[in-house]
Amino acid sequence: MGNLFSRMKQTISADFHDLLDKKEQKNPIGMLNQYLRQCEQETEKVGKLLERQYLLKEEFTREYNQAQSLAEKRKNQAEVAKQSGETDLMEFALKESLHYEDRAQSLMEAHKSAEVQLAELERKYEEMKHKLKDMHLKRMELMGRENIARANHRINRVLDAGRTEAKPVAMFEEMEHYIDRIEHKVDADYNRHTIDARIAQLEKELEQKEA
């Protein structure tokens, strides 16, 4: 059963790729446009992720400053408690101070890591935008070449028609025969009407003489 599904999958995949190949041959610029739109969407997604990374970096900075401030605050409170002879309170303040110092250290490391990751992401994002711009320019070049190729094809088809194809020549000859037939018919109708009119005139003159 597994082999059957595997063969079916391969057959469907082959048919799909064959369809894509035919579609690409039929309209390569259209396929290129679709690919570029997908690249633009991916670039836009990366841009949004980059914005989120900026926000995370700022959040790390705020949390680090807050932890540093609280560590310093608890340290001062511990000193006050020590001078007042409040041992338990002093120990609690010192424990809190160490806790905030550890948090600040962890946040500082996370902030540095976020900066490195952000710099790498910015570099790749700029590279991605440059690549997308290059592809747009390449598409313009290909569209121009395609237009020239199509124009030359149509021009050559018209210019070569009279030299290499019998169909246009036969078409002109048929048109000439058709016009000849029309002219002949018009002349025949004219002559026939002229004869009828002349005979009618002669008959009228003979009747007048007999009278």
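Small disclaimer: the values here were computed from a predicted structure and weren't measured.

### Focus: the UniProt feature "coiled-coil region" (unreviewed entry) in the protein chain
Per the UniProt entry, the sites bearing "coiled-coil region" (unreviewed entry) are residues 32-77 and 104-138 in this numbering. Each end of residues 104-138 is marked by a C-alpha atom, and these two atoms are 50 Å apart; helix forms 100% of the span and strand 0%.

### Some thoughts on the confidence of the model for the protein chain
Per-residue confidence for the protein chain gives a mean pLDDT of 79, with 81% of residues at or over 70. Helix α2 (residues 28-83) holds the highest mean pLDDT among the elements of the protein chain, 88, whereas helix α1 (residues 2-26) holds the lowest, 51.

### Let's talk about the environment of S113
Checked against the element boundaries, S113 lands in helix α3 (residues 87-159). Residue classification places S113 among the partly exposed residues on the basis of a relative accessible area of 34%. Placed 56 residues apart in sequence, S113 and K57 show a C-alpha to C-alpha distance of 9.4 Å.

### As for the pattern of salt bridges
Pairing is possible between side chains of opposite charge, provided their charged atoms come close. All told, the structure shown has twelve salt bridges when counted by the stated rule. A salt bridge links E127 to R123; its shortest N-O distance comes to 3.4 Å. Remark: R123 and E127 occur in helix α3; sequence separation between them is four residues, near one turn of the helix. Classification of E127 as partly exposed rests on a relative accessible area of 48%. The network of salt bridges with shared partners includes E120, R123, K124 and E127.

### Digging into the packing of α2 against α3
Running from N to C, α2 and α3 point in directions that differ by 165 degrees, and their axes come no closer than 6 Å. The orientation of α2 with respect to α3, classified from their angle, is roughly antiparallel. Classified by chirality, the crossing of α3 by α2 is left-handed.

### Details of α2
Between its terminal C-alpha atoms α2 stretches 83 Å, which fits the 82 Å expected from 56 residues at 1.5 Å a residue. At the exit of α2 stands G85, carrying a positive phi of roughly 80 degrees.

### So, the environment of E79
Among the secondary structure elements, E79 is positioned in helix α2. By relative accessible area, E79 is classed as partly exposed at 39%. For the pair E79 and L94, spaced 15 residues apart in sequence, the C-alpha to C-alpha distance is 8.8 Å.

### Things to note about the environment of L98
Among the structural elements, L98 can be located in helix α3. You can call L98 exposed: its relative accessible area is 52%. C-alpha of L98 to C-alpha of R74: the two residues are 24 residues apart in sequence and 8.8 Å apart in space.

Analysis parameters
Within each chain, residues carry numbers counting from 1 in the order of the written sequence. It should be noted that, the model being predicted, local features are given only for residues of pLDDT at least 70 and side-chain atom pairs only at 80 or more, the latter also being counted only at that level, while totals for whole chains, interfaces and linings use all residues. Heavy atoms from the whole structure form the basis of all side-chain values; hydrogens and water molecules are not counted. UniProt positions are given in the numbering used here, feature names are shortened, and annotations may be inferred rather than shown by experiment. For the purposes of this entry, the term helix denotes a DSSP run of H or I that reaches at least four residues, the term strand denotes a run of E that reaches at least two, and both are numbered from the N terminus. Per residue, pLDDT captures the predictor's confidence, and it can take any value from 0 to 100. Using a 1.4 Å probe on the protein chains alone, a residue whose accessible area is under 20% of its type maximum counts as buried, one over 50% counts as exposed, and one in between counts as partly exposed. By definition, a salt bridge exists where a carboxyl oxygen of Asp or Glu is found within 4 Å of a side-chain nitrogen of Lys or Arg. The angle between two axes is taken between their N-to-C directions and runs from 0 to 180 degrees, where each axis is a line fitted to C-alpha atoms and a helix contributes only its stretch in contact. The cut-offs work like this: below 35 degrees is roughly parallel, past 145 is roughly antiparallel, 65 to 115 is roughly perpendicular, and the gaps in between are oblique. The hand of a helix crossing depends on one turn: near helix anticlockwise from the far one by less than a right angle means left-handed, and clockwise means right-handed. Between the first and last residue of a helix there are one fewer steps than residues, each counted as 1.5 Å, and that sum is the expected span.

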